[in-house]
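So the chains spell out like this:
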Amino acid sequence: MKEEAIKDLLYKIADDQLILGHRNSEWTGLGPILEEDIAFSSMAQDKIGHSLAFYTLLHELGEAEPDLLAFSRSATQFHNSQFTELPNGEFDYSLIRHFLYDNAEAIRFEKLSHSGYEPIAKVATKLKGEIKYHVLHANTWIRNLGSSTEEAISRLQNSLNSLMPYALGMFELSVYEQVLIDTGIYAGEEAIKEEWLTRIQQVLASTELTMPDIPSQTPMLGGRYGTHTKHLQPLLNEMAEVIKIDPTAEW
Amino acid sequence: MSLKSLDPRINRLNLPDGEQPPMEPKAAFDQFETYEVFAQKRDNTPFTYAGPVHAPNADVAFLFAKEQYSRRSACSGLWVVQTRHIMVSPYANDDECIYDTFKVEIPEHTAWPLESYEVFHLKKRGKAHTHIGRVGATSYQEAYHKAKQAFAAQHPAVNMWVVKSKNVLQSAEEDRDMWLTLPEKKYREPAAYKVLDRIKSFKEKQQKALNK
């Protein structure tokens, strides 16, 4: 039971990172300015590196090799939140997703660095510095653009409004939620969500953006257990193009 | 005629067919200001000039600086200063020290309180300016003289920079863990990609085919 719970936790973290990392990497070469293009690509690369660390932990628990986990599963076997798989819109959309996601990720990692399951605690401790920078990056842009021109503010606000139900889907409860909390492995989604709302609100309060009304939102759930939007499978197909042509290719 | 890109990301953008309307011409000097970046390689080593970035403000300059100057080499801290806040001395000849050749009048009336100034030295041409210390002064001129007293004998330099400490955006002490990145990042470095080997072997094959 406990091991199943740990695997469940590892899968959702790793899959979120892999899928969002891939989505964000789609900005490579298309970013709004060169420096930001590099920054966004670089952080996308970090995310994929983070997913590798968690797939490796899964492999140590008897799951398939990291490459197979990343490239050989179909959409229904993925545990990422729908939030991370939505196709990129314009840059404001990706920036809001980056802001909402990485603030949650930072809290998750702060908590996981004290996890009762030592391998997770070690990895989380090692990675949380990088995520701290991702949050600094996201918050700096939201603070700057969220109080700049009318166009920037309304674009960000629209993206924030449309992404919020999906962002709340990140906190979909695990079927092992209570086991993870009771065994001290994970603080649990509710605790992370509460802290996340506070931090998001703090940043938004320093801008002209408005926090959407949370109680009236319907979180987009299902991603953690294989229910995905139509956008995930094409993304997975694209990611697996090389491995499908030649599974032994070195690249 | 509409062109389909080989890059699926471009096709997903659903760009309208045909000629794009030209962008509006930009106003003269429509660009970000420059900031100068100093990086610390390891804890307890001096901050050394790394290069410039263009940015709309210091916070964003810091982000860009981190990407440009800390991704590919060890780094444990960054300072960012707007270029116009750096006072620059002339250059001394290679065998001279700037403090001997550059004369600065000490302003007569020095007001209180003292402000803190950061001093950077260029040891010789081709090196980078390195943080040499901090002095308290009430003007850049006075800071120059204080720097001369404090550092000239021990640290000869062909050029020096002075910056008010308050104009230096420093990475935070509590964010030290931000600089800890995964050691296994060879893929970030060009050396990890054996492209040259492949090009070489491809050329050799081609040559062999030609010789046949």
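About the thresholds
Residues numbered from 1 in each chain as written. Chains lettered and ligands numbered in written order. Predicted model: local features only at pLDDT ≥ 70, side-chain atom pairs only at ≥ 80, totals over all residues. Helix = DSSP H or I, 4+ residues; strand = E, 2+ residues; numbered from the N terminus. Rg over C-alpha atoms; globule rule 2.2 N^0.38 Å. Buried ≥ 20, exposed ≤ 12 C-beta atoms within 10 Å, placed from the backbone. Contact = placed C-beta atoms within 7 Å. Pairing = 2+ DSSP bridges. Nonpolar A, V, L, I, M, F, W, Y, C, P; charged D, E, K, R; others polar. Expected span 1.5 Å × (residues − 1). Arc of directions from axis to C-beta. pLDDT = per-residue confidence, 0-100. Axes fitted to C-alpha atoms, helices over the stretch in contact; angles between N-to-C directions. Left-handed = near helix turned anticlockwise from the far one by under 90°. Core = buried A, V, L, I, M, F, W, Y, C linked by C-beta atoms within 7 Å.

(A) Here's a closer look at the overall build of chain A. The secondary structure content of chain A amounts to 11 helices and zero strands. When its helices and strands are written in sequence order, chain A yields α-α-α-α-α-α-α-α-α-α-α. Expected size for 251 residues packed as a compact globule is a radius of gyration near 18 Å; at 18 Å, chain A falls within 12% of this value. Across its three principal axes, chain A shows a C-alpha extent of roughly 50 × 45 × 30 Å. By residue count, 46% of the 251 residues in chain A fall in the buried class. Across chain A, contacts joining residues at least 24 apart in sequence account for 76% of those joining residues at least 6 apart.

(B) The arrangement of the environment of B:Asp175 in detail. Looking at the secondary structure, you find B:Asp175 in the loop between strand E8 (168-170) and helix H5 (195-211). Taking the number of C-beta atoms within 10 Å as the measure of exposure, B:Asp175 has 13 and is therefore partly exposed.

(C) The arrangement of the pairing of strand E5 (residues 115-122) of chain B in detail. Residue and element names in this part refer to chain B. Burial within E5 is extensive, with six of its eight residues counted as buried. Pairing between E5 and strand E6 (residues 130-137): seven bridges, direction antiparallel. By the bridge assignment, tyrosine 117 is partnered in E6 with valine 135.

(D) Quick look at the interface of chain B and chain A. Taken together, the contact pairs 18 residues of chain B with 18 residues of chain A. At the level of elements, helix H1 (8-12) and helix H2 (58-70) of chain B are the ones that each hand at least two residues to the side of chain B that touches chain A. By residue number, the principal contributor to the side of chain B that touches chain A is H2(B), which donates six residues. Grouping the constituent residues of the side of chain B that touches chain A by class yields nine nonpolar, one polar and eight charged.

(E) Region of the structure containing unusual backbone geometry. Its identity as a non-glycine residue notwithstanding, B:Asn44 has a phi of 65°, on the positive side. As for its position among the elements, B:Asn44 is in the loop between strand E1 (33-40) and strand E2 (48-55).

(F) Summary view of helix H9 (residues 189-205) of chain A. All names here are of chain A. For H9, spanning 17 residues, the distance from its first C-alpha to its last is 24 Å, which sits close to the expected 24 Å at 1.5 Å a residue. Residues Glu189, Ile192, Trp196, Ile200 and Leu204 constitute the buried set of H9. Take H9 and look down its axis: the buried residues cluster within an arc of 95°, on one side only. Exposed residues pointing more than 90 degrees away from the buried face of H9 are listed as Glu190, Glu194, Thr198, Gln201, Gln202 and Ala205. As for H9, its buried residues are in contact with helix H5 (91-112) and helix H8 (177-182).

(G) Geometry of the confidence of the model for chain B. Residue and element names in this part refer to chain B. Scored by pLDDT, chain B has a mean of 87; 92% of the residues are at 70 or more. Confidence scores differ between elements of chain B, with H1 showing the lowest mean pLDDT of 79 and strand E7 (residues 159-164) the highest of 97. Among the scores for the predicted complex, ipTM is 0.87 and pTM is 0.88.

(H) View of the packing of helix H6 (residues 118-145) of chain A against H2(B). Interhelical geometry of H6(A) versus H2(B) gives an angle of 145° and a closest axis separation of 10 Å. Pair H6(A) / H2(B) crosses with left-handed handedness. Contacts between H6(A) and H2(B) involve A:Tyr133, A:His137, A:Thr140 and A:Asn144 from the former and B:Asp59, B:Val60, B:Leu63 and B:Lys66 from the latter. Each residue belonging to the contact of H6(A) with H2(B) can be placed in one class, and the counts come to three nonpolar, three polar and two charged.

(I) Focus on the environment of B:Arg125. Residues and elements named next belong to chain B. Position of arginine 125 relative to the elements: it lies in the loop between E5 and E6. Classification of arginine 125 as exposed rests on a count of 11 C-beta atoms within 10 Å. Between the alpha carbons of arginine 125 and glutamine 40 there is a distance of 20 Å; along the sequence they are 85 residues apart. Not counting residues up to four positions away in its chain, the partners in contact with arginine 125 are Asp94 and Val158.

(J) Structural view of the nonpolar core. Core analysis: the biggest nonpolar cluster contains 114 residues, and B:Val37, B:Ala61, B:Ala65, B:Leu78, B:Val80 and B:Val162 have the highest contact counts within it. It is H6(A) that provides the largest number of residues to this core, a total of 12 residues. The residues touching B:Ala65, leaving out its near neighbours within four places in the chain, are B:Val37, B:Val53, B:Leu78 and B:Val80.

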